[in-house]
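Each chain, letter by letter, is given below.
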Amino acid sequence: MIFRFDPTRRIIAVIATLSGPQGVSEVELALDTGASRTLLSPKVLTVVGCPIPTDAESLAVTTGSRREIMPKVVLPELAALGHAVRNFPVLAHQLPASTSVHGLLGLDFFAGCRLELDFRAGTILLEPPHD
Amino acid sequence: MNEFLTRAELETRYDGEWVLLRDPQVDEQRQVTGGWVIAHGPDRDEVMEAAMAHRGKVRHFASLCFVKEPANMEYIL
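Residues numbered from 1 in each chain as written. Chains lettered and ligands numbered in written order. Predicted model: local features only at pLDDT ≥ 70, side-chain atom pairs only at ≥ 80, totals over all residues. Heavy atoms only, no water.

Asker: Pulling in residues and values, what's your account of the side chain of Thr46 of chain A?
Answerer: Relative to the elements of secondary structure, Thr46 of chain A occurs in helix 1 (residues 42-47). With near-sequence residues (within four places) excluded, Thr46 of chain A lies in contact with Gln22 and Pro51 of chain A together with Met52 and Arg55 of chain B. (Helix = DSSP H or I, 4+ residues; strand = E, 2+ residues; numbered from the N terminus. Contact = heavy atoms within 4.5 Å.)

Written as structure tokens, this is what we have:
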């Protein structure tokens, strides 16, 4: 399926549907092919019933400016661009308020998919993985 | 704020703000086309606090951002 994005924005913003034990939330994430992992705001995770567990596993993350330790949270389902991943481990981290998104859609979400970005047409083609 | 608004109405009324909706309507592209406003304001984190307060009472939320990206801001996330 082909989805539209606004190529005049400085980020590729896509709508993601987060499903957890306490609800569903539609939020904008930045599609980020420079991020190896998907990252979501702890508040958004809490809203759908997936707060950071006290014994959460943490991962070392190298960002553009430093190395950080971030907790990992397993989200029951993350869906975007016609593709859904169940029991998806994501990093819980709050991006600065100056970003207009609630997180990053990283490469791990696209594992096994075919992804095409067309900046002329402002379209995203995503073919889910073959079963 | 117990009023259903379309996307166009939301954009006009809350220009420059974050908006939190309950029971959003979405199209086939999953774009939010309308919903019931729970909270709005210029601060993302304050608006999301409202979602925390409604947790358990509302099952389906949507967050929309009508804040313009600053002209002099670039992003390396």
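Now, onward.
Asker: Give a description of unusual backbone geometry that names residues and reports values.
Answerer: All names here are of chain A. In the Ramachandran plot, Leu81 falls in the positive-phi region, its phi being about 55° despite a non-glycine side chain. You can see Leu81 is positioned in the loop between strand 6 (67-80) and strand 7 (83-92). Leu81 gets classed as buried once you look at its relative accessible area, which sits at 6%. Even without glycine at this site, Asn87 takes up a positive phi of about 50°. Along the chain, the position of Asn87 falls in strand 7. (Buried < 20%, exposed > 50% of the residue type's maximum accessible area, 1.4 Å probe, protein only.)

Asker: Talk me through the sheet that holds strand 10 (residues 123-127) of chain A; I want residue IDs and the actual numbers.
Answerer: Residue and element names in this part refer to chain A. The strand order across the open sheet built from 3 strands is 1-10-9, with neighbouring strands paired in antiparallel fashion. On the outer flanks of this sheet lie strand 1 (2-4) and strand 9 (114-118), each paired with one strand and no other. Each strand of the sheet is rotated relative to its neighbour by a mean of 20°, with strand direction disregarded. Relative to strand 10, strand 9 is paired through 5 bridges, and the arrangement is antiparallel. Paired with Asp118 across the bridge in strand 10 is Thr123. (Pairing = 2+ DSSP bridges. Axes fitted to C-alpha atoms, helices over the stretch in contact; angles between N-to-C directions.)

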